[in-house]
Structures are given as structure tokens and as C-alpha cells.
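A look at the structure
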Amino acid sequence: MASMHANCPSCNLKYEKEPGNFYGAMYVSYGISTGIFLVTAFVLYYFFNDPALNVYLISILLVALILFPFNFRYSRVIFLYLIWKS
Ligand SMILES: [Zn+2]
């Protein structure tokens, strides 16, 4: 699930310029996770009438796990766009 092409299949761009290149993507992933947490909490508060704390914790964990593949890939995509500006 965490594997990816070393080079772009279309234009042959080398994605990982140096080892550990994608550590920076963790910051993007952190931002996306924070967004997921906030949106889930707001949905529970406004549409499910502010349930118990356990419901918040379990729901946020589940949503974050379900969206992990999305988060993992898009944090790298966004990070690539950030570092390859030219
Ligand atoms: Zn390409």
C-alpha cells in the first residue's frame, strides 16, 4: 500500500531526489489529518447532537484510518508540487 513508482511513468521524473526526500510530506500529512479531525468533530457536534467523548474518539480514529490511503498519497502529491515549483 505504501509503495510507489520510483519515476513518473509518463515523463520519467525521479520522485525521490535523495533518501528521506518524503519526510517533508509528513508535515502535509499532519495538516490533512488535522483537517480530517476537525471536520469529523464538527459533523458529530452539529449533525449528531454532540455525542459522548468516546464516540468522538472512535469516529475520528475510524475516519482517519479509512482516509489513510488518500492522506498518504495526496500528502506526497502536494509535497511534490511544493518542492518542484519550476
Ligand atoms: Zn510525469
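Cut-offs and rules
Each chain has its residues counted from 1, following the order in which its sequence is written. With the structure being a predicted model, the display of local features is reserved for residues of pLDDT at least 70 and the display and counting of side-chain atom pairs for 80 or more, all residues being used for whole-chain, interface and lining totals. Side-chain metrics rest on all non-hydrogen atoms present in the structure, leaving aside hydrogens and water. Here pLDDT means the predictor's own confidence in every residue, given as a number from 0 to 100. The helix and strand labels rest on DSSP assignments: H or I over at least four residues marks a helix, E over at least two residues marks a strand, and numbering proceeds from the N terminus. In this text, buried Ala, Val, Leu, Ile, Met, Phe, Trp, Tyr and Cys residues form a nonpolar core when linked through side-chain atoms within 4.5 Å. A 1.4 Å probe rolled over the protein chains alone gives each residue an accessible area, and that area as a share of the maximum for its type sets the label: buried under 20%, exposed over 50%, partly exposed in between. With water omitted from the atoms examined, metal sites may look incomplete; donors here are N, O and S atoms no farther than 2.8 Å from the metal, or 3.2 Å in the case of Na, K and Ca. Every helix has an expected span of 1.5 Å times one less than the residues it contains. The contact definition used throughout considers only heavy atoms, calling two residues in contact when any of these lie within 4.5 Å. Note on ring pairs: Phe, Tyr and Trp rings are taken, using the six-membered ring of Trp, and paired if centres are within 6.5 Å. Classes follow the plane angle, with under 30 degrees stacked, over 60 edge-to-face and the rest tilted.

**A closer look at the confidence of the model for the chain**
- Per-residue pLDDT for the chain has a mean of 88; in total, 95% of the residues score no lower than 70.
- Here helix α3 (residues 68-83) is the element of the chain with the lowest mean pLDDT, 89, and helix α2 (residues 53-66) is the one with the highest, 95.

**What to know about the nonpolar core**
- Cys8, Tyr15, Phe22, Ala25, Val28, Ile32, Ile36, Phe79 and Leu80 together form the largest nonpolar core, which totals nine residues.
- Only α1 (25-47) and α3 provide two or more residues apiece to this core.
- The biggest single contributor to this core is α1, with four residues.

**Considering the coordination of the zinc ion**
- Donor atoms from the polypeptide that bind the zinc ion are Cys8 (SG) and Cys11 (SG), placed at 2.1 to 2.2 Å.
- Judged by its relative accessible area of 15%, Cys8 falls in the buried class.

**A word on α1**
- For α1, with 23 residues, the first-to-last C-alpha span of 32 Å sits near the 33 Å given by 1.5 Å per residue.
- Among all positions of α1, only Ala25, Val28, Ile32, Ser33, Ile36, Thr40 and Leu44 are buried.
- Here the buried face of α1 lies against α2 and α3.
- Taken from the residues just after α1, Asn49 is the one with a positive phi, measuring 55 degrees.

**A closer look at the packing of aromatic side chains**
- Here the structure, examined in full by the defined rule, presents five aromatic pairs.
- Judged by centre distance (5.0 Å) and plane angle (80 degrees), the rings of Tyr45 and Tyr46 are edge-to-face.
- Tyr45 sits in the partly exposed class, given a relative accessible area of 43%.
- For Tyr46, a relative accessible area of 58% corresponds to the exposed category.
- Chaining the aromatic ring pairs together yields one cluster made of Phe42, Tyr45 and Tyr46.

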